[in-house]
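Next come the chains, spelled out residue by residue.
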Amino acid sequence: MSRDKKILWGILAILPALAIVVSMVLAFNTLLPIIIEASQSGLDIEPEALLSQLAGLWIGLSLISLFSAVVWIFFLVFSIKDRSSKGDEQVLWVIVLIFFNFIALPLYWYFRMWKNP
């Protein structure tokens, strides 16, 4: 794999974890003002108003989730097809990628993709 492709996959490995942080910040920035306003005014939150505010957030989170799943599947397939790792190490990486995917993606990229010639 060329150096440019390794750098591209490194960026893609970091993006799902970064997307989680950004989506949490956006969710709090969207929901918190609505909740504060409703509690200060003593009124109940209108479901229609809440859902209309969350529609854009939901679409964005859906796209982020789809992108993250595609990146995760690529890394999982790459780890299964990687012939430079031994059998036990390969099984370990597959298990780690399945259970700790957002943390494991950058680690797998660094140890198995970036350091491999």
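What counts, and at which threshold
- Residues numbered from 1 in each chain as written.
- Predicted model: local features only at pLDDT ≥ 70, side-chain atom pairs only at ≥ 80, totals over all residues.
- Heavy atoms only, no water.
- Salt bridge = Lys/Arg side-chain N within 4 Å of Asp/Glu carboxyl O.
- Helix = DSSP H or I, 4+ residues; strand = E, 2+ residues; numbered from the N terminus.
- Buried < 20%, exposed > 50% of the residue type's maximum accessible area, 1.4 Å probe, protein only.
- Patch = residues over 30% accessible without salt bridge, like charges linked within 9 Å, V, L, I, M, F, W, Y side chains within 5 Å.
- Areas by Shrake-Rupley, 256 points an atom, 1.4 Å probe, with all protein chains shown as cover.
- Expected span 1.5 Å × (residues − 1).
- Arc of directions from axis to C-beta.
- Contact = heavy atoms within 4.5 Å.
- Core = buried A, V, L, I, M, F, W, Y, C linked by side-chain atoms within 4.5 Å.

Asks: So what exactly am I meant to see when it comes to the pattern of salt bridges here?
Replies: Between side chains of opposite charge, a pair can form when the charged atoms approach closely. Under the counting rule described, the total for this entry stands at two salt bridges. One salt bridge in this structure joins R112 and D82, with 3.0 Å as the shortest N-O distance. A residue pair is termed long-range when its members are at least 10 positions apart, and R112 in helix α4 (residues 101-114) and D82 in the loop between α2 (47-81) and α3 (87-99) qualify at 30 residues. D82 matches R112 in its accessibility class, with the two residues each being buried.

Asks: What am I meant to see in a nonpolar patch on the surface here?
Replies: A cluster of nonpolar side chains, namely V91, I95, I98, F99, F100, I103, L107, Y110 and F111, defines an oily patch on the protein surface of about 910 Å² accessible area. Listed by contribution, the elements that provide at least two residues to the nonpolar patch are α3 and α4. With respect to the helices and strands, I95 occurs in helix α3.

Asks: I tried to follow α3 on my own but got confused; where do I start?
Replies: It helps to recall that an α-helix has 3.6 residues per turn; residues three or four apart then point in one direction. If you check α3, its first and last C-alpha atoms are 19 Å apart, about what 13 residues at 1.5 Å a residue would give, namely 18 Å. The set of residues buried in α3 consists of Q90, W93, V94 and L97. The buried residues of α3 all sit within an arc of 100° when viewed along its axis, so they share a single face. Turned more than 90 degrees off the buried face of α3, the exposed positions are D88, L92 and F99. Elements in contact with the buried residues of α3: α2 and α4.

Asks: I'm lost on the nonpolar core in this one. Help?
Replies: Across soluble globular proteins, you tend to see nonpolar side chains buried next to one another. One finds W9, F75, L97, L105, Y108, W109 and M113 to be the most contacted residues of the largest nonpolar core, which totals 14 residues. Elements that contribute at least two residues to this core include exactly α1 (3-41), α2, α3 and α4. With five residues, α4 is the largest single contributor of residues to this core. Apart from the residues lying within four places of it in its own chain, the contact partners of L105 are A13, P16, V71, W72, F75 and L97.

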